[in-house]
Amino acid sequence: DTAVSQTPKYLVTQMGNDKSIKCEQNLGHDTMYWYKQDSKKFLKIMFSYNNKELIINETVPNRFSPKSPDKAHLNLHINSLELGDSAVYFCASSPLEGIGELFFGEGSRLTVL
Amino acid sequence: SQQGEEDPQALSIQEGENATMNCSYKTSINNLQWYRQNSGRGLVHLILIRSNEREKHSGRLRVTLDTSKKSSSLLITASRAADTASYFCATAMDSNYQLIWGAGTKLIIKP
């Protein structure tokens, strides 16, 4: 049983397209996150959802929109993809808001051509 | 924002040797966590040490925390090839609902 699963694992697309990455966790956690990891391995938090409520929205372009249909799912939709969006995107969940251990998905590698 | 700084950026040692990685941070913390990331995989939580703790062990891992110096170290004893990975520290602050991440140490264990 995969605790945090995200799909797709790989995504190759053209500039200007719209794409979505899905995430599901079966751990019963209240908080879910989206992180971006760049080519230098820096991790940057993008969004955090606690019980379906957005509690962090870092300086992320509004082309990125998180959608949480329920507390087990947090999807990431990206409009008008740009070259600079190429990165690995990680979904994570946590039982404790902000300060607890994070459980990560395997990542979705997005390549924008 | 990056609070943690890890050193070294990369470390290459022989199998069986001990590996030590360090993490420094800037502000007061609630806890500090260490994660491992194998190539092409997600991050895996290794250990969490609270601000009132000084040392913690988990198997071959030993983590120390010095809040006066705002630093932590991760020691992996008797390293194995399977320990080859990137290791990240992350700090949690009481006043902020997010973990702040270091840039990671890339550890290579040579057989």
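Enquirer: Go over the interface of chain B and chain A, please, and point to the residues and values.
Expert: On the side of chain A, 19 residues touch chain B, which itself brings 21 residues to the contact. Here chain B meets chain A over a buried area of about 1,800 Å², counting both sides, of which 53% is carbon and sulfur. At the boundary of chain B and chain A, one finds one salt bridge. Of the charged contacts, one joins A:Glu106 and B:Arg41 as a salt bridge, the two residues approaching to 2.3 Å between their closest N and O atoms. At the boundary of chain B and chain A, one finds five residue pairs in polar contact (both at pLDDT 80 or more). Secondary-structure elements contributing two or more residues to the side of chain B that touches chain A are strand 4 (31-37), strand 5 (43-50), strand 9 (85-92) and strand 10 (99-101) of chain B. Element by element, the count of residues in the side of chain B that touches chain A is highest for strand 4 of chain B, at four residues.

Enquirer: Break down a positive patch on the surface for me, with residues and values.
Expert: Together, A:Lys9, A:Lys41, A:Arg109 and B:Lys106 make up a region of like positive charge exposed at the surface. Residue placement: A:Lys9 occurs in the loop between strand 1 (4-7) and strand 2 (10-13).

Enquirer: Describe the sheet that holds strand 7 (residues 61-66) of chain B, and please don't skip the residues or the numbers.
Expert: Residues and elements named next belong to chain B. Here we have five strands laid out as an open sheet, ordered 1-3-8-7-6, and antiparallel in their pairing. Since the sheet does not close on itself, it has two edges, and those belong to strand 1 (5-7) and strand 6 (55-58), each with one partner. Strand after strand, the sheet turns through a mean of 15 degrees between neighbouring axes, direction not considered. Where strand 7 meets strand 8 (residues 71-76), six bridges bridge the pair, whose relative direction is antiparallel. In the strand pairing of strand 8, Asp66 is matched with Ser71.

Enquirer: Lay out unusual backbone geometry with the relevant residues and their values.
Expert: With an omega of 0 degrees, the peptide bond between A:Thr7 and A:Pro8 qualifies as cis. In this structure, A:Pro8 sits in the loop between strand 1 and strand 2. Omega for the bond connecting B:Asp7 with B:Pro8 falls within 30 degrees of zero, at 0 degrees, which places this linkage in the cis form. In this fold, B:Pro8 is placed in the loop between strand 1 and strand 2 (10-14).

Enquirer: Go over the packing of aromatic side chains with me, naming the residues and quoting the values.
Expert: Tallying each qualifying case throughout the model produces eight aromatic pairs over all chains. Look at A:Tyr35 and A:Phe104: their rings are 5.7 Å apart centre to centre, the planes differ by 45 degrees, and that puts the pair in the tilted class. Taken together, the residues A:Tyr35 in strand 4 (residues 31-37) and A:Phe104 in strand 10 (residues 103-104) connect sequence positions 69 residues apart. The interplanar angle of 85 degrees and the centroid separation of 5.9 Å between the aromatic rings of A:Phe104 and B:Tyr35 together place this pair among those described as edge-to-face. Of this pair, A:Phe104 sits in strand 10 while B:Tyr35 sits in strand 4, each in a different chain. Judged by relative accessible area, which is 9%, A:Phe104 ranks as buried.

Enquirer: Outline the state of the cysteines, supporting the account with residue identities and numerical values.
Expert: Residue and element names in this part refer to chain A. Following the criterion strictly, the structure yields two disulfides over all chains and no others. With a sulfur-sulfur separation of 1.8 Å, Cys23 is cross-linked through a disulfide to Cys91. Note on the Cys23 and Cys91 pair: the S-S dihedral is about -75 degrees, so by sign convention the disulfide is left-handed. Remark: Cys91 occurs in strand 9 (residues 87-94) and Cys23 occurs in strand 3 (residues 19-25); sequence separation between them is 68 residues.

Enquirer: So, the environment of A:Gly84: which residues are in play, and what are the values?
Expert: In this structure, A:Gly84 sits in the loop between strand 8 (73-78) and strand 9. Considered as a pair, A:Gly84 and A:Asn50 are 34 residues apart in the sequence and their alpha carbons are 28 Å apart.

Parameters and conventions
Residues numbered from 1 in each chain as written. Chains lettered and ligands numbered in written order. Predicted model: local features only at pLDDT ≥ 70, side-chain atom pairs only at ≥ 80, totals over all residues. Heavy atoms only, no water. Contact = heavy atoms within 4.5 Å. Buried area = accessible area lost by both parts, 1.4 Å probe. Salt bridge = Lys/Arg side-chain N within 4 Å of Asp/Glu carboxyl O. Polar contact = N/O pair within 3.5 Å; in protein donor to acceptor, adjacent residues only side chain to side chain. Helix = DSSP H or I, 4+ residues; strand = E, 2+ residues; numbered from the N terminus. Patch = residues over 30% accessible without salt bridge, like charges linked within 9 Å, V, L, I, M, F, W, Y side chains within 5 Å. Areas by Shrake-Rupley, 256 points an atom, 1.4 Å probe, with all protein chains shown as cover. Lys, Arg positive; Asp, Glu negative; His and termini not counted. Charge placed at Lys NZ, Arg CZ, Asp CG, Glu CD. Pairing = 2+ DSSP bridges. Axes fitted to C-alpha atoms, helices over the stretch in contact; angles between N-to-C directions. Phe/Tyr/Trp six-rings, centres within 6.5 Å; stacked < 30°, edge-to-face > 60°. Buried < 20%, exposed > 50% of the residue type's maximum accessible area, 1.4 Å probe, protein only. Disulfide = S-S within 2.5 Å.

Shape is all these values report; function is a separate question.
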